[in-house]
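Each chain, letter by letter, is given below.
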Amino acid sequence: MRYFLRAVKYFVYICLIVTAVMALFVALDLVDKDINTMFREGWTSVYKILAVFALVSLLYPLFGYMKMNAHIHGDWDGFRDGIVSWMNEHGYVLEGEEDHYMAFRRRSAFARAKFMFEDRVTMVWCDLGVKVEGPRREVVSVVNGLEYKFSRKEDLE
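About the thresholds
Residues numbered from 1 in each chain as written. Predicted model: local features only at pLDDT ≥ 70, side-chain atom pairs only at ≥ 80, totals over all residues. Heavy atoms only, no water. Helix = DSSP H or I, 4+ residues; strand = E, 2+ residues; numbered from the N terminus. Areas by Shrake-Rupley, 256 points an atom, 1.4 Å probe, with all protein chains shown as cover. Lys, Arg positive; Asp, Glu negative; His and termini not counted. Charge placed at Lys NZ, Arg CZ, Asp CG, Glu CD. Phe/Tyr/Trp six-rings, centres within 6.5 Å; stacked < 30°, edge-to-face > 60°. Buried < 20%, exposed > 50% of the residue type's maximum accessible area, 1.4 Å probe, protein only. Lys NZ or Arg CZ within 6 Å of the ring centre and 35° of its normal. Expected span 1.5 Å × (residues − 1). Contact = heavy atoms within 4.5 Å. Axes fitted to C-alpha atoms, helices over the stretch in contact; angles between N-to-C directions. Parallel < 35°, antiparallel > 145°, perpendicular 65-115°, else oblique. Left-handed = near helix turned anticlockwise from the far one by under 90°. Nonpolar A, V, L, I, M, F, W, Y, C, P; charged D, E, K, R; others polar.

Turning to the overall build of the protein, a few remarks are in order. When helices and strands are tallied, the protein shows seven helices and five strands. Scanning the protein from its N terminus toward the C terminus, one meets helices and strands in the order α-α-α-β-α-β-β-α-β-β-α-α. Seen along its three principal axes, the alpha-carbon backbone of the protein occupies a region of about 70 × 30 × 25 Å. About 10000 Å² of surface is accessible on the protein, with carbon and sulfur atoms providing 61% of the total. Of note, the protein has its 20 positive side-chain charges centred 5 Å away from the centre of its 21 negative side-chain charges.

What follows is the structure in structure tokens.
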């Protein structure tokens, strides 16, 4: 269900951006107001464009979100406070926490809107360290940052 909601959000987002750009072109008299003269095939072109947007929106969540392991060796209790402090330093707030699970969100509304409020980064403690899930760009940054932080000796003491 989450995948479907993400795809719908991206479809609406893309449509709003293109509509705003086209409205700007019309306002600046760069194109005619009539859809039949704005596009070569008129409404047929609009339907084709919407089909392409739908296809891109369906594929983007496959590539835009991922799971990755941060190789941190030790026990959860020893790293929990360090993880929370690192995430706070980098603009995240702890949204929820259970046994060996934590969820973080971006603190800034602008940063959250950039990801269409799909900015949640979750962490689960596992045998290999911490399994991080969320937007690809965020996950790579978080995993690299946590591995660097906990590989330094002064942070382990």
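Taken as a whole, this structure holds four aromatic pairs when the rule is applied. For the pair Phe-79 and Trp-125, a centre-to-centre distance of 5.9 Å together with 25° between the ring planes defines the contact as stacked. A residue pair is termed long-range when its members are at least 10 positions apart, and Phe-79 in helix α4 (residues 76-89) and Trp-125 in strand β4 (residues 121-126) qualify at 46 residues. Neither residue differs from the other here; Phe-79 and Trp-125 are each classed as buried. Following the ring pairs from residue to residue traces out a cluster consisting of Phe-79, Trp-125 and Phe-150. Directly above the aromatic system of Tyr-92 lies the positively charged group of Arg-106, at a separation of 4.4 Å from the ring centroid. Lying across the ring of Phe-150, Lys-149 places its NZ or CZ 5.8 Å from the centre.

Right, let's talk about helix α3 (residues 43-64) for a bit. In a regular helix each residue adds 1.5 Å, so 22 residues correspond to 32 Å; α3 covers 31 Å between its end C-alpha atoms and thus fits that length. The complete set of buried residues in α3 reads Ser-45, Val-46, Phe-53, Ser-57, Pro-61 and Gly-64. Those residues of α3 that are buried lie in contact with α1 (2-27), α2 (35-38), β1 (65-70), β5 (129-135) and α6 (136-151).

To continue, consider the packing of α4 against α6. Remark: α4 packs on α6, axes separated minimally by 11 Å, with the N-to-C direction vectors making an angle of 130°. When the interaxial angle is binned, α4 and α6 end up oblique. Seen from above, α4 lies across α6 with right-handed handedness. Along the contact surface, α4 presents Phe-79, Gly-82, Ile-83, Ser-85, Trp-86 and Met-87, while α6 presents Ser-141, Val-142, Gly-145, Leu-146, Lys-149 and Phe-150. A per-class count over the contact of α4 with α6 returns seven nonpolar, four polar and one charged.

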